[in-house]
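What follows is each chain in one-letter form.
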Amino acid sequence: MFLRTRNKENVASATWNEFLHGLGSTRDVAAEKAREKAGSVRETLSGTGTEARQRASLALDALAGRPAPVRWGWVVAAAGVGVLAGLAVAELLRGHPVDEAVASLRRQLSHSKEQVQEYVG
């Protein structure tokens, strides 16, 4: 009977040690996951805080009647797009049949002018 009790205590002790080891590794995994989540939340809140401060500053400026700052990046981008569009249109119209038609009309008008001058003069 003493042997059975001692054997049961050894099994219980071994099981308890395995259980504690499992809890320890589970705690380590949970702590690592919590650190990862905390880092992610910290980054999100940091970006959100920066955005909130910028918006609050702009709101205070608007309430104080100060003009909004000019966003030069957008102005330069719009000017660049305008220049590119103008160059594209100019390239499309270069050597276009309209130019040839205007040149032909000028030749005809100058020929007609010469004929009128000969007839009158």
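Residues numbered from 1 in each chain as written. Predicted model: local features only at pLDDT ≥ 70, side-chain atom pairs only at ≥ 80, totals over all residues. Heavy atoms only, no water.

**Let's talk about the packing of aromatic side chains**
Link 1 in the chain: A full pass over the atoms with the stated rule returns one aromatic pair.
Link 2 in the chain: Taken together, a centroid distance of 5.6 Å and an interplanar angle of 35° make the contact between tryptophan 16 and phenylalanine 19 tilted. Separated by three residues within a single helix, tryptophan 16 and phenylalanine 19 lie in helix α1 (residues 2–64), roughly one turn from each other.
Link 3 in the chain: Accessibility expressed as a relative area gives 51% for tryptophan 16, which makes it exposed.
Link 4 in the chain: For phenylalanine 19, a relative accessible area of 44% translates into the label partly exposed. (Phe/Tyr/Trp six-rings, centres within 6.5 Å; stacked < 30°, edge-to-face > 60°. Helix = DSSP H or I, 4+ residues; strand = E, 2+ residues; numbered from the N terminus. Buried < 20%, exposed > 50% of the residue type's maximum accessible area, 1.4 Å probe, protein only.)

**Digging into the environment of asparagine 7**
Link 1 in the chain: Looking at the element boundaries, asparagine 7 is found in helix α1.
Link 2 in the chain: In this structure the C-alpha to C-alpha distance between asparagine 7 and glycine 86, which are 79 residues apart in sequence, comes to 93 Å.

**Quick word on the pattern of salt bridges**
Link 1 in the chain: Under the definition given, this model contains three salt bridges.
Link 2 in the chain: The partner of glutamate 51 in a salt bridge is arginine 55, with the nearest N and O atoms 2.8 Å apart. Here glutamate 51 pairs with arginine 55, and both are found in helix α1, just four residues apart, close to one helical turn.
Link 3 in the chain: Classification of glutamate 51 by relative accessible area gives partly exposed; the value is 36%.
Link 4 in the chain: For arginine 55, a relative accessible area of 57% gives the class exposed.
Link 5 in the chain: Here aspartate 61 and arginine 66 are joined by a salt bridge, their closest N and O atoms 2.8 Å apart.
Link 6 in the chain: Judged by relative accessible area, which is 23%, aspartate 61 ranks as partly exposed.
Link 7 in the chain: For arginine 66, a relative accessible area of 48% gives the class partly exposed. (Salt bridge = Lys/Arg side-chain N within 4 Å of Asp/Glu carboxyl O.)

Keep in mind these values describe shape, not function.
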